[in-house]
Amino acid sequence: MKKNYSKLPLRKGVGIVLLNNKNKVFVAKRIDNPKNFWQMPQGGVDGPEDYYKAALRELKEETSVVSVELIQEIDKKLTYILPNHLIGIIWKGRFKGQIQKWFVMRFIGNESEINIKTKKPEFLDWKWIDLEDLTKIAVNFKLDVYTKLKQEVSKILN
């Protein structure tokens, strides 16, 4: 019998569009999906945690980056639903996807600050890409979110 996941809640999360001084976007390749998919730093919000503080915490946990300036908070929350084969596996099966608050930030540190070999590493590799290429590197179920972010960040930068 197929399990009905539609009743599962969405996980409250944050995401960071991290830009360098050339307006290139930081992306990293996940350890648990080493195919050629990359993503921006993102993660869950702990209970009553403030979204911006959660974004800064996630960025530090995943990339060691702390030298940032907030450019802009994206007004609308963005949502994605996991594909059926991942629901029930990711997040111990408690959520069907995420509803995320995104922040556009400027990296103002030295690249030597970026270290993905953290206490609980999530990434194998990282790179800077053109904003235009964001939708070429995303896993299918995040494509809609990345398309919207590309539009929002383009507006901010222009």
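Refer to the structure above for everything that follows.
Residues numbered from 1 in each chain as written. Predicted model: local features only at pLDDT ≥ 70, side-chain atom pairs only at ≥ 80, totals over all residues. Heavy atoms only, no water.

Draft legend 1. Representation of the side chain of Gln39 in the model. Inspection of the secondary structure assignment puts Gln39 in strand 3 (residues 38-39). Taking the relative accessible area as the measure of exposure, Gln39 reaches 4% and is therefore buried. Within polar-contact distance, the side chain of Gln39 engages the side chain of Lys142 at 2.8 Å. Dropping the residues within four chain positions of it, Gln39 is found in contact with Phe26, Val27, Ala28, Arg30, Phe123, Lys142 and Tyr146. (Helix = DSSP H or I, 4+ residues; strand = E, 2+ residues; numbered from the N terminus. Buried < 20%, exposed > 50% of the residue type's maximum accessible area, 1.4 Å probe, protein only. Polar contact = N/O pair within 3.5 Å; in protein donor to acceptor, adjacent residues only side chain to side chain. Contact = heavy atoms within 4.5 Å.)

Draft legend 2. Quick peek at the pattern of salt bridges. Under the defined criterion, the tally for this structure stands at 12 salt bridges. Linking Arg57 and Glu49 is a salt bridge whose minimum nitrogen-to-oxygen distance equals 2.8 Å. Close ionic contact of Glu73 with Lys101 constitutes a salt bridge, the shortest N to O distance being 3.1 Å. Residue Glu73 is found in strand 5 (residues 68-73), and its partner Lys101 is found in strand 7 (residues 97-107); the two are separated by 28 residues along the sequence. (Salt bridge = Lys/Arg side-chain N within 4 Å of Asp/Glu carboxyl O.)

Draft legend 3. Summary view of helix 1 (residues 51-63). Between its terminal C-alpha atoms helix 1 stretches 18 Å, which fits the 18 Å expected from 13 residues at 1.5 Å a residue. Listed in full, the buried residues belonging to helix 1 are Ala54, Ala55, Glu58, Leu59, Glu62 and Thr63. Buried positions in helix 1, seen along its axis, are confined to an arc of 135° and lie on one side of it. Backbone nitrogen of Tyr52 and a side-chain oxygen of the N-cap are separated by 3.1 Å at the start of helix 1; the cap is Asp50. (Expected span 1.5 Å × (residues − 1). Arc of directions from axis to C-beta.)

Draft legend 4. Focus on unusual backbone geometry. Although it is not a glycine, Trp91 sits at a positive phi angle of roughly 55°. The topology assignment puts Trp91 in the loop between strand 6 (78-81) and strand 7. Here the phi dihedral of Lys92 falls at roughly 55°; this positive angle occurs in a residue that is not glycine. Inspection of the secondary structure puts Lys92 in the loop between strand 6 and strand 7. Assessed through its relative accessible area of 74%, Lys92 is described here as exposed.

Draft legend 5. Just the nonpolar core, in detail. By size, the foremost hydrophobic cluster in this structure holds 25 residues, and its most contacted members are Val17, Val25, Met40, Trp102, Leu134, Tyr146 and Leu149. For this core, the secondary structure elements donating two or more residues are strand 1 (10-19), strand 2 (25-30), strand 6, strand 7, helix 2 (134-137) and helix 3 (143-157). Here this core takes four residues from helix 3, the largest share from any one element. In this structure Leu149 touches Val17, Met40, Ile74, Leu78 and Trp102, once residues within four positions along its chain are discounted. In this structure, Ala28, Met105, Phe107 and Trp128 belong to the second largest nonpolar core, which totals 18 residues. (Core = buried A, V, L, I, M, F, W, Y, C linked by side-chain atoms within 4.5 Å.)

Draft legend 6. Highlighting the layout of surface pockets. Looking at the largest pocket, its volume works out to about 950 Å³. Along its surface, the largest pocket is lined by 31 residues, and Arg30, Asp32, Gln39, Trp91 and Glu122 are the ones closest to its centre. (1 Å grid on protein atoms, 1.4 Å probe; cavity = no way out; pocket = protein on both sides within 12 Å on 5 of 7 lines; lining within 4 Å. Points joined across faces, edges and corners; volume = space filled by probe spheres on them.)

Draft legend 7. Up close: the packing of aromatic side chains. Summed over the entire model, instances satisfying the criterion amount to eight aromatic pairs. Both rings, one in Phe26 and one in Trp126, keep their centres 5.5 Å apart while their planes meet at 20°; by these two values the pair is stacked. On the criterion of sequence distance, the pair formed by Phe26 in strand 2 and Trp126 in strand 8 (residues 123-129) is long-range, its members being 100 residues apart. Since its relative accessible area comes to 0%, Phe26 is described here as buried. Seen in terms of ring centroids, Tyr80 and Phe141 are 5.6 Å apart; in terms of plane orientation they differ by 45°. Their pairing is tilted. Note that Tyr80 is positioned in strand 6 and Phe141 in the loop between helix 2 and helix 3, a separation of 61 residues in sequence. The ring of Trp38 has Lys127 sitting right over it, with the charged end atom 4.1 Å from the ring centre. (Phe/Tyr/Trp six-rings, centres within 6.5 Å; stacked < 30°, edge-to-face > 60°. Lys NZ or Arg CZ within 6 Å of the ring centre and 35° of its normal.)

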